Amino acid sequence: MKFLIARFNHETNTFSPIETTLADFEPRYGLEALNEQRHARTAMGAFIRAAESRPGATLITPVSATANPSGTVAADAYSHLVETILEGVREAPDAILLDLHGALVAENAADGEGELLKAIRALAPTLPIAVALDLHGNVTSAMVDHADIIVSFKTYPHIDMADTGEHAGRLMMDWLDGKTRPITRFVQLPLLSHTLRSNTNEGAMQRAIEAARRAEQRPGVLAVSVMAGFSLADFPDAGMSVIVVTDNEPQLAQEIANHIARAIWHDRDGFVYRSAPLAESMARAKALHAELGAGPILLLDHSDNVMSGGTCDTMDVLQAALAAHLTPIVAGPICDPQAVQRLWKMRPTDVVGVDLGNHIALTEQGITKKPVRLTGVLRAKSDGEFIVSGPIYTGAKVSMGRTVLFDTVDALIVITERRMEPYDIGIFDCVGLDLSRYDYLLLKSRMYARPVFGALSKALVECDADQGGPTSSNYALFPFRQIRRPVYPLDENMRFTTTG
């Protein structure tokens, strides 16, 4: 039996000024894609392992391509990667397993995954297709209409990528063996959830995921996925949804999807995050330090979160922390290749002024900020490379580009040449920093930093820039133009009922 297995992942923040080119996907093709993913803790890796466990199976792996969240995907990049997958479809596989995200927006395809699946269906109308999605996918009718099996992550922070692939792969293998006949139904809610309210370990999202897990225990139910959606992908279908796969029981699938969707809508305010003023966040951090004593208070700048398309160079929260005398503080990484270039040439005894951050204009939001002038000395240099030891992307090799540690007396700042989400201690180990010696730790992150740095900190304070950032939780700062209306919470008094 011949399997086509491919990976094409991108979470598109249409408000992000960071371009998304083909090079950003770092595509691997054919045998290179297969070898790269065979042991990876990804859905594609799980698909490969499932297929290779079947005697006599052959694999077509046209591409493995994934890019960090950023702006709208360039048309040539999207077209190239889609055509690469379609070339694999033309080799006449018996089944297709796709590792997708669900929130890809391209210049030439607002519904990136839906258009890909539609193109595959045009070539292979009856071919079985299984898809693994990120929990933050924006599910569309086109995606459901053109895929037979859809299963998403059930964790955020995401740690079940491979588990999701194993689940979707198992459903595909059972179907091919004649054990089941998967039928998929979904409900799309008019609800723009906030990423900070999709933590599956607490609150409304935890309750929704628990409902999905309970439903999966029912006879005939093969998979239930609760999609938080990604609201900063400004296109009509952004938002929450529920997907149910049953064994040839469409009515049961629709009933379960409706039931969970109604529960989510009833709990809708639990999916909305309302940012505190930045001064209030600073005051809370200072009060927590006074109460808890020495040891870092973790400040999370979620207005510039790399893994949601942030620039990693906004300075609002660091400026506020310094103005509030939250010292000694460690901050980083700040992505500023110009500052790295200047500091790389310095000696440890050289006092130097640096114009740090705020270089990238937030054009979609109409926001331009000026770099911040800071004076200090170079404390350390590094190639910025390390192996991830934490629970997210464990074992992956990371390269932040050249990295420096800049000491302004009030702050120790890690500055890098490349954007980096702070999900591993290697960010600071590579420049020799012992975080336990400092009172405050400022990271640009929403959720990924928590498993490692939450455990190292005495308390956590979420911080949002009052004047806007590329991933702010304040929807009023974003000029939504394409999103369907009415939608909650942009339209607070709207109603929602399920049908079918």
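Just so you know, these numbers come straight off a predicted model, no measurement behind them. (Residues numbered from 1 in each chain as written. Predicted model: local features only at pLDDT ≥ 70, side-chain atom pairs only at ≥ 80, totals over all residues. Heavy atoms only, no water.)

Q: Give me the overall build of the protein: which residues, what numbers.
A: Scanning the protein for helices and strands turns up 13 helices and 20 strands. In terms of C-alpha radius of gyration, the protein reaches 23 Å, essentially the compact-globule figure of 23 Å for 500 residues. By its C-alpha atoms, the protein is 70 × 50 × 40 Å across when sized along the principal axes. Across the 500 residues in the protein, those meeting the buried criterion constitute 62%. Across the protein, every contact between residues at least 6 apart in sequence was considered, and the portion connecting residues at least 24 apart equals 75%. In the form shown here, the protein has an accessible surface area of approximately 19000 Å², with 49% of it arising from carbon and sulfur atoms. Charged side chains of the protein number 46 positive and 60 negative; the gap between the two group centres comes to 2 Å. (Helix = DSSP H or I, 4+ residues; strand = E, 2+ residues; numbered from the N terminus. Rg over C-alpha atoms; globule rule 2.2 N^0.38 Å. Buried < 20%, exposed > 50% of the residue type's maximum accessible area, 1.4 Å probe, protein only. Contact = heavy atoms within 4.5 Å. Areas by Shrake-Rupley, 256 points an atom, 1.4 Å probe, with all protein chains shown as cover. Lys, Arg positive; Asp, Glu negative; His and termini not counted. Charge placed at Lys NZ, Arg CZ, Asp CG, Glu CD.)

Q: I'd like a rundown of the pairing of strand β17 (residues 403-407), residues and numbers included.
A: When you tally the buried positions in β17, you get 5 out of 5 residues, the bulk of the element. On β17, burial covers both faces: Thr-403, Leu-405 and Asp-407 on one face and Val-404 and Phe-406 on the other are all buried. Note: strand β14 (residues 372-382) against β17, 5 bridges, orientation antiparallel. Looking at the pairing, Val-377 lines up with Asp-407 of β17. Across 5 bridges, β17 lies against strand β18 (residues 411-416) in antiparallel orientation. (Pairing = 2+ DSSP bridges.)

Q: Talk me through the sheet that holds β17; I want residue IDs and the actual numbers.
A: Strand order in the open sheet formed by 8 strands is β13-β14-β17-β18-β12-β19-β11-β20, with mixed pairing between adjacent strands. Sheet topology places β13 (351-356) and β20 (459-463) at the edges, where each strand pairs with a single neighbour. Here the strands of the sheet are splayed against their neighbours by 30° on average, with no regard to which way each runs. Direction of pairing for strand β12 (residues 329-335) relative to β18: parallel, over a ladder of 5 bridges. (Axes fitted to C-alpha atoms, helices over the stretch in contact; angles between N-to-C directions.)

Q: Before we move on, could you go through the pattern of salt bridges and cite the residues and values that matter?
A: One pass over the full model with this rule turns up 24 salt bridges. Between Asp-177 and Arg-54 there is a salt bridge whose closest N-O contact spans 2.8 Å. You can see Asp-177 sitting in the loop between α6 (161-176) and β8 (182-188) and its partner Arg-54 sitting in the loop between α2 (43-52) and β3 (58-60), a full 123 residues away along the chain. Given a relative accessible area of 41%, Asp-177 falls into the partly exposed group. With a shortest N-O distance of 3.1 Å, Arg-402 and Glu-417 are connected by a salt bridge. Of this pair, Arg-402 sits in the loop between β16 (397-399) and β17 while Glu-417 sits in the loop between β18 and α12 (426-429), and the two are 15 residues apart along the sequence. If you follow the salt bridges from partner to partner, you end up with Arg-28, Glu-32 and Glu-36 in one network. (Salt bridge = Lys/Arg side-chain N within 4 Å of Asp/Glu carboxyl O.)

Q: Give me the lowdown on the packing of helix α1 (residues 30-37) against α2, citing residues and values where you can.
A: It is at 9 Å that the axes of α1 and α2 come closest, and there the two elements cross at 95°. With respect to their mutual orientation, α1 and α2 come out roughly perpendicular. Seen from α1, the contacting residues are Ala-33, Leu-34 and Gln-37; seen from α2, they are Met-44, Gly-45, Ile-48, Arg-49 and Glu-52. Its residues assigned to classes, the contact of α1 with α2 shows 4 nonpolar, 2 polar and 2 charged. (Parallel < 35°, antiparallel > 145°, perpendicular 65-115°, else oblique. Nonpolar A, V, L, I, M, F, W, Y, C, P; charged D, E, K, R; others polar.)

Q: Just give me the short version of the packing of helix α7 (residues 203-215) against helix α8 (residues 250-266), but keep the residues and values in it.
A: Closest axis-to-axis distance for the α7/α8 pair is 10 Å, and the angle between their directions is 160°. Between α7 and α8, the angle is such that the two are roughly antiparallel. Helix-helix and strand crossings are classified by hand; for α7 and α8 the assignment is right-handed. The segment α7 lies against α8, with Ala-208, Ala-211, Ala-212 and Ala-215 engaging Ile-256, Ile-260 and Ile-264. Classifying every residue of the contact of α7 with α8 by side-chain character gives 7 nonpolar, no polar and no charged. (Left-handed = near helix turned anticlockwise from the far one by under 90°.)

Q: Quick one: what's the story with the nonpolar core, residue by residue and with numbers?
A: Core analysis: the biggest nonpolar cluster contains 66 residues, and Ile-264, Phe-428 and Phe-453 have the highest contact counts within it. Here the element with the most residues in this core is α8; it accounts for 8 residues. Each residue touching Phe-453, except ones within four places of it in the same chain, is listed here: Leu-298, Pro-422, Tyr-423, Asp-424, Ile-425, Phe-428, Leu-435, Leu-441 and Leu-443. In terms of nonpolar packing, the next biggest core, distinct from the first, is built from 39 residues, Ala-67, Val-82, Leu-116 and Ile-120 among them. (Core = buried A, V, L, I, M, F, W, Y, C linked by side-chain atoms within 4.5 Å.)

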